[in-house]
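Reading the structure
These are the residues of each chain, in order.
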Amino acid sequence: MSESPVASLPHAEADRLTAQVVDSFGQAPDPRLRQMMQALVRHLHAFVRETEPTEAEWMQAIRFLTRTGQMCDDVVRQEFILLSDTLGVSMLVDAINHRKPQGATETTVLGPFYMAGMPERAPGEDMAHTPGECALVHGHARTLDGRPVAGAVLDIWQTAANGMYSGQDPAQPHGNLRGRYRTDAEGYFAIRTILPVSYPIPSDGPVGQMMAATGRHVYRPAHLHFMVDAPGFRTVVTHLFNAGDAYLASDAVFGVKPSLVIDYVRREGGDPLGRRFGIEGPYHEARYDFVLAEGA
Ligand code: BEZ
Ligand code: FE
C-alpha cells in the first residue's frame, strides 16, 4: 500500500491568517509601534512558512530564547546583546544609526563590557595593572577639515592578557585596562597599555551552544574599545583592531572595518617617544587619528 502524499501547505489559509494578525495591530495608537509589530508579524510568518518547523523544533526555539533571557544579569551578562551581536543585528543597527560623512572615523559595536565612570588618566598614563606586552597608542582627534579637537574624552576599555575584562573577571583590580584620556590643545592623546589580544566572547550559555552547533568559532580579533566624546561633536563608539590578527576576517560579532585596523610597530625602547612616557624597555607603538563629525 503506498503512503498518502503529504498535503502541501494551504497557502490561501496561511495568507489569510497573516493578514488577520497584521490587521489586529491596525488600530495601535502609536504609528511606529504599529509599523514595527506589523512588519514583525509579516517577517516572522514568512520565516515560519519558509522553514516549516515541526512543533518540537518550535518548542526548542522557545526554550532557546527562554534560556537566553535566564542567562542575563543586571551587571555584565547580557545574552540577548550577545545574540544580536552574533547574528550581525547589532552591526546593522549601528550602520543605520551612525551614517557618518566620508572621512569621519567609523563606528562599530559597543559590546556588553563598557563601564561608565572609570578613572581619568594623564597623557601616557599606564592603564594596565596586569601583565602584558607594553604598548603605546597615540594620535590626534581632528575635525573633518583637519583642525585639532582639544578636550575630547577617549573612554577606553580592553581585556587583560587572559582575554577577560575587569568587572567580568573578579581577579582584576577595579579599573584595570579602563580609563578616560583627554586630548590636549593640539588634539593629541597618548595611551600606555598592553598589546590587545584576541579572546572568545562568553560561550557558556545558549549563544555559545548556537555557535558550536553551527560550526562557528567564538573569537574576536584583538582590539581596544573607544567611546570618544567632545562637545559639539557626535559621539564615536568604535574599536581599533591589531593588524595581522588571525580573526580579522571572521570576527564572531562582525565588527571589523578595514579603516579601524592599525599596525603596532615594535620599538626597542630608550627612544625619545618611549622616554617621554617613562617607557624604558621594548614596546609596541601604534598611531591613529580620530576624525570627528560635528553634531549633537
Ligand atoms: C566586546 O568586544 O567586548 C564584545 C562585543 C560583542 C560581544 C561580546 C564582546
Ligand atoms: Fe572587546
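Remember, it's a predicted structure, so these values are computed and weren't measured experimentally.

Rules of the game
- Residues numbered from 1 in each chain as written.
- Chains lettered and ligands numbered in written order.
- Predicted model: local features only at pLDDT ≥ 70, side-chain atom pairs only at ≥ 80, totals over all residues.
- Heavy atoms only, no water.
- Axes fitted to C-alpha atoms, helices over the stretch in contact; angles between N-to-C directions.
- Helix = DSSP H or I, 4+ residues; strand = E, 2+ residues; numbered from the N terminus.
- Parallel < 35°, antiparallel > 145°, perpendicular 65-115°, else oblique.
- Contact = heavy atoms within 4.5 Å.
- Nonpolar A, V, L, I, M, F, W, Y, C, P; charged D, E, K, R; others polar.
- UniProt positions renumbered as here; feature names shortened; annotations may be inferred.
- Domains from an automatic or database assignment.
- Buried area = accessible area lost by both parts, 1.4 Å probe.
- Salt bridge = Lys/Arg side-chain N within 4 Å of Asp/Glu carboxyl O.

Notes on the packing of helix α3 (residues 55-70) against helix α6 (residues 206-213)
It is at 9 Å that the axes of α3 and α6 come closest, and there the two elements cross at 135 degrees. Here α6 runs oblique to α3, going by the angle between their axes. Between α3 and α6, the contacting residues are Phe64, Arg67 and Thr68 on the first element and Pro206, Val207, Gln209 and Met210 on the second. For the contact of α3 with α6, a count of residues per class yields 4 nonpolar, 2 polar and 1 charged.

Some words on the packing of α3 against helix α4 (residues 79-86)
At a closest axis distance of 7 Å, the pairing of α3 and α4 adopts a crossing angle of 125 degrees. When the axis of α3 is compared with that of α4, the two are oblique. Mapping the contact onto sequence places Phe64, Leu65, Thr68 and Gly69 in α3 and Glu79, Phe80 and Leu83 in α4. The class makeup of the residues in the contact of α3 with α4 is 4 nonpolar, 2 polar and 1 charged.

As for the UniProt feature "domain: Catechol dioxygenase N-terminal" (unreviewed entry) in the protein
Residues given the UniProt feature "domain: Catechol dioxygenase N-terminal" (unreviewed entry) here are residues 30-105. Secondary structure across residues 30-105 divides into 71% helix and 0% strand, with the first and last C-alpha atoms of the span separated by 35 Å.

Section: the domain arrangement of the protein
According to the domain assignment, the protein contains domain 1 (11-73) and domain 2 (84-292). When each unit is reduced to the centre of its C-alpha atoms, the spacing between domain 1 and domain 2 is 37 Å. Between domain 1 and domain 2, the residue contacts involve 4 residues of the former and 6 residues of the latter. In total, about 370 Å² of surface goes out of reach between domain 1 and domain 2, with carbon and sulfur atoms giving 73% of it. When the buried area of domain 1 at its contact with domain 2 is split by residue, Phe64, Arg67 and Met71 rank highest and sum to 89% of it. Counting every contact that joins domain 1 to domain 2 gives 0 salt bridges.

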